[in-house]
Each structure stands twice: as C-alpha cells, then as structure tokens.
Protein chains: 2
Amino acid sequence: MSRIVTVGLVQQTCSDDKEATFAKTAAGIRDAAKRGADLVVLQELHAGPYFCQTEDPAHFAHAESIPGPATNRLAALARETAVVLVASLFERRAPGLYHNTAVIFERDGSIAGRYRKMHIPEDPGFNEKFYFTPGDLGFTPIETSVARLGVLVCWDQWYPEAARLMALAGAEILVYPTAIGWVPEDPDEERARQRDAWITIQRGHAIANQIPAVAVNRVGFEPRPGHPEDGIAFFGGSFVAGPQGEILATASTDREETLIVSLDLDRTEEVRQLWPFFRDRRIDAYDGLLNRYLE
Amino acid sequence: MSRIVTVGLVQQTCSDDKEATFAKTAAGIRDAAKRGADLVVLQELHAGPYFCQTEDPAHFAHAESIPGPATNRLAALARETAVVLVASLFERRAPGLYHNTAVIFERDGSIAGRYRKMHIPEDPGFNEKFYFTPGDLGFTPIETSVARLGVLVCWDQWYPEAARLMALAGAEILVYPTAIGWVPEDPDEERARQRDAWITIQRGHAIANQIPAVAVNRVGFEPRPGHPEDGIAFFGGSFVAGPQGEILATASTDREETLIVSLDLDRTEEVRQLWPFFRDRRIDAYDGLLNRYLE
C-alpha cells in the first residue's frame, strides 16, 4: 500500500486590496480541496504585496499575533475544506519583535505548528532584515495528519543545511513558501540563470535528502512604492520535485494557477535503499560546518 | 582583470590493457594542454576498469604507494604539458590499508596534495567498502598555481556537507573525478532520473557555494567479471557548471571526449555579492548536522 499525499500549490498575485487578495487565496484553497488536495501550500506573505521592497515602519502595523485575526480566517478555511494548510504571515511577537512565520493548520483548523524563517535576506528590493528577526525555533518539522512537514521559507532554500536538518529530524516533504522575482535591470540571460538556480538548488535538496520538495512562488509585477518604474517581477514557476529531484509539475511564470500533484511518500524509503546516502554521512568530519568560514 | 582558468576534462573508456588505457589518458592530457588547459581533470580510477563491481582480494595487487610508479608517470605528464593535473588512484598506504585517493600535481610535476575519498559507497556493482578505507584527511582544498581546488571523489558528490566544507575552507573550484553508470536492470526512465539527479545535485553545490563545479565521469560498458551479460554502462556526460549552477559544457554520454572550458574565477565574488548566502548561515543552529539522525 502506497502512502499518497495530494498537494495543492496556490500561486497568485497580490494587491493592496486585502479583501480581494484574501478572496483569491480562499478560492485557490477551495479549488485545490475540490481537486483532491490533502495539503495546500500558499506563497510567502500572501496577504498582500511584498512590502519588503522598501524600509517603512508603517508596515509593522500589518503584523499580527499568532493566533490572531489572520490565522483565525485561515483556520476556518482549513476546517471548511478539511486540508492541512501551510500559510505565511508577518508575525508580531512583541512590540519591536517581528518574524516571517509559516503557520501550519490541521484539517480541523487547529494550529499544528509554526516555523519562523531562520535565514533572512537583505539585498536591493528584498529588505527583510529591517522587518524580520531571524527565527529562534530552529529547523523542526511539523507533525501533521498528512505527513511530517519540513517547512522552510524562501531565502532558506539556498541553504543545504536547512533542508538537511529538516530531513534528519524526519521531515517527509520539504515545503518552501516563496517570494522571488527579477528586478528591472536584470538582462534576460541573468533572469534565466537566477530562475534556473532557484529550481536547481531545491531539486538538489530533494535529491540529497531523498524527499519531495514543494516550492510555491508569487507571480506578477509589483511596483516599488514611490518608484513605479522600479519593482519586482515575481516569476511564479511554483513546482514540485520528487525524491530523486525529478520535476513532477511546474506552474507558469506569468499567471495565477493552482497546481495539484500527488506524491507517494513510500518512494523515499525505496530511493534511500537504492542510494543509501544517509548511511555514509561523515559526521566525524563535519565540525567545520558550525564555523562562519575556515580561514 | 579577470582570473581565467581553462579546464580540460578527459572522459575515456578503460580496458584491461593497462598500457593502452594509460596511452589514452596521456593523449587526453596532451590534447587538453595543446588546446589551452591550465588544469586537467581525469576520471575516477582511470588506470583501468572499475574493479569494484566484485569483491576480489586480487585487486589489491594494483594498489600503489603515493608517490610510486603511477604517480611518477603522471607527474612526468604534468611536467611535460605544464598543467595542474588531478588524477585518481588506488592508494596502498600500508598492508591492509587502502584508499580511493585523488592526487593533485603541480605544473612542475611535484605533488601539490592529495584527497582521500571520505564517503565510500556500497551498493550492487559498486562494492567500494571492501576496498577503500574512508579518508582521514578531511575536506581540505589543495592550493595550486591555478586555483585552490576542492577535490572530492564520486560518492562525495551526493553530500552537500562535503562541498560546503571545501568552500568554507576557500575552495575556488569543486572537482569531482567520478565513475557512475547504469546497471542493466534499470529501465530508461530510471536511467534518466539517475543521470539528471547526478547533474542536478552537483549544480546545486555550485549554486549553494557560488563556485564552479567540474565533474569527470568515465564512459563505456564494462562487463562484470564472470557475468559478462551483467555490468555497468558508465554514462559519461562529464560537465562543468558555473557559480550560478549554469551548465557551461557537457560531454556526450557514449564517447571518449576531452572537453575544454574556460572559467572566470572572479565571477564568484560578483555572484556572492549579488546573493550573499555566506553572510546569513545560521551557524548557531546547525549543531544537528553533526548527528547521524535527530530522532
């Protein structure tokens, strides 16, 4: 008997109209559930435009406690559709202390767990270090009724350490809510290299750890406040890779889309028996990984 | 001013005729040097057929000390062609103690350093645990006149830890002498997944560490001694990926070939400034990497 999990990936655009944006998210979740999804994954910070294009203290007003009004609405959707739901929120933990947090809801709407983004980016157009305190919950998978989920967020996807730690703690699927795009000055060939690198490294994590990887990215151009000619073209392309890194499905780079993919979780053990990577890790020789650099 | 290194990858078949096999290796090195290579990389255990298809103590007779006759011949070739040469040998360290060892020669034929394969495979057709003691030199790059080389060997390529440790120690290029192939019972789609996984994970190491990766694989079918209908179809496909994981060149899957690729080592710093992965590693939260498993 195979253990099948059907995953729904909701790739959408976001606007300043919070209700319209939420309505699209809700429609995506309902559509995924109707099409058989047991697990639905939303993109990073799906409640509105990617506000980290600038550093503006006014945005802290949109952060919320967990639980709070935003998680209550998402919990109701999880309960209504009876799916396990991975959402991504701007968490207000205390005055002056905020996180980029993924919340995982059970089918009954209860909160199964949360993950606070551990690796925080800071580069032009992605000013996350201003808003988000690096996570302090470590790399701990969340136990749910569909699978043990290794939920990570966006910039984490460039770190093999994060995926490995989730897998060592028994994660059965890697899940990456994401907001990645191109800035206007990137020429076409640089855009292609960046998108390909984004896909390839996550496929690499699937291969190294022999578990599927699910990446959900936002889509659409979002102008930079005050500089409408500037902005980020989020490139969508949400995808699912199997435990050998094989691409199982990919969304378009320019449209809203809900992708449905079935995963056989029993493949992991078969693949790990074929290529027993976990057997041979040289844990006696990995101490250097705890160093910033070795020079 | 860019720092350009031109790499030659010698992908070849191997036979029981040791002299004929060496002649092909020598011709490949000379061809690469003539075409501008500063650095030439040979495939894993290039001196003959991949003997680890069976467990036979008679093969220990072919192991050699380093330095020894095999390294003397290779050193002479490095000196003659004035290239930095990465070779792969069956090292006899002491009676009953053998390693799968890469030897790195300077342009003058001196030995710049060696790397003893740290991760040793053992699966049907790849009985390496019988022959090779796991390396005890750690993940230490070798300083050469062309670059600091992160030399790893074959099965190491499945371990992000190995690539990361080399990069943290300042490796400028990852180098993987390899012997990987298909066994007859693999159906076509499994073959495609395996080869694609092999390429993808190494591209992933290039991306994560923002340095080029050079993989040189043997090519051709080698029957299993005593079971000529059985054996391994080594799939060649030697390749070079740049520091964003972009494929710069790939050899064929079924022919002997010497590939020449120029690398601009200054790209690494540009790419690392664009996407500063090294800045944000959560070394405070990576302790679990030193565990076998976390359950």
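Please read all numbers here as calculations on a predicted model, not as lab measurements.

All names here are of chain A. For the bond running from I66 to P67, omega is 0°, close enough to zero to count as cis. Tracing the backbone shows P67 in the loop between β2 (39-42) and α2 (69-81). Within the chain, Q210 stands out as a residue other than glycine whose phi angle is a positive 60°. With respect to the element layout, Q210 can be found in the loop between α5 (188-209) and β10 (213-217). Since its relative accessible area comes to 0%, Q210 is described here as buried.

This paragraph deals with the interface of chain B and chain A. Contact with chain B, which involves 58 residues of that partner, is made by 58 residues of chain A. With both chains or domains summed, chain B and chain A bury close to 5,800 Å², and 60% of this area falls on carbon and sulfur atoms. The tally of links between chain B and chain A comes to 10 salt bridges. A salt bridge links B:E295 to A:R148, with the shortest nitrogen-to-oxygen separation between them at 2.2 Å. Linking chain B with chain A are 34 residue pairs in polar contact (both at pLDDT 80 or more), by the criterion used here.

A separate point is the pairing of strand β7 (residues 148-151) of chain B. All names here are of chain B. Bridge analysis of strand β6 (residues 142-143) against β7 gives 2 bridges, and the strand direction is antiparallel. The partner of E143 across the bridge, within β7, is R148. The antiparallel pairing of β6 with β7 creates a hairpin that spans 4 residues between the two strands. One ladder, built from 3 bridges, connects β7 with strand β8 (residues 173-178); its direction is parallel. Across the sheet, L149 pairs through a bridge with I173, a residue of β8. For the crossover that starts at β7, traverses helix α4 (residues 160-168) and ends in the parallel β8, the hand is right-handed.

Residues and elements named next belong to chain A. Going through the model one piece at a time under the given rule, you end up with 52 salt bridges over all chains. One salt bridge in this structure joins K117 and E44, with 2.8 Å as the shortest N-O distance. Taken together, the residues span a long stretch of sequence, with K117 in the loop between β5 (111-116) and α3 (128-131) and E44 in the loop between β2 and α2 at a distance of 73 residues. The pair formed by K117 and E44 is uniform in burial state, with each residue classed as buried. Between E128 and K117 there is a salt bridge, with its nearest N and O atoms 2.8 Å apart. Of this pair, E128 sits in helix α3 while K117 is found in the loop between β5 and α3, placing the two residues 11 residues apart along the sequence. Assigned by exposure class, E128 and K117 land together as buried. Within the structure, one salt-bridge network assembled from shared partners comprises E91, R93, R114, R116 and D136.

Rules used in this analysis
- All chains use their own residue numbering, which begins from 1 and follows the written sequence.
- Chain letters and ligand numbers both follow the written order, the letters beginning at A and the numbers at 1.
- With the structure being a predicted model, the display of local features is reserved for residues of pLDDT at least 70 and the display and counting of side-chain atom pairs for 80 or more, all residues being used for whole-chain, interface and lining totals.
- Side-chain numbers come from the whole structure's heavy atoms, not from hydrogens or water.
- The numbering of helices and of strands both runs from the N terminus, where a helix is a DSSP run of H or I of at least 4 residues and a strand a run of E of at least 2.
- We call a residue buried when its accessible area falls under 20% of the maximum for its residue type, exposed when it is over 50%, and partly exposed in between, using a 1.4 Å probe and counting protein chains only.
- Residues are treated as being in contact if the distance between any of their heavy atoms lies within 4.5 Å.
- Buried area, as used here, totals the accessible surface that two parts lose on assembly, with accessibility defined by a 1.4 Å probe and the loss added over both.
- When a carboxyl oxygen of Asp or Glu is within 4 Å of a side-chain nitrogen of Lys or Arg, the pair counts as a salt bridge.
- Nitrogen and oxygen atoms within 3.5 Å of one another constitute a polar contact, given that in protein one can donate a hydrogen and the other can accept it, and given that sequence-neighbouring residues count only through two side-chain atoms.
- Pairs of strands are assigned from DSSP output, requiring at least two bridges between the strands.
- Viewed with both strands pointing away, a crossover whose connecting path from the first strand over the helix to the second turns clockwise is right-handed.

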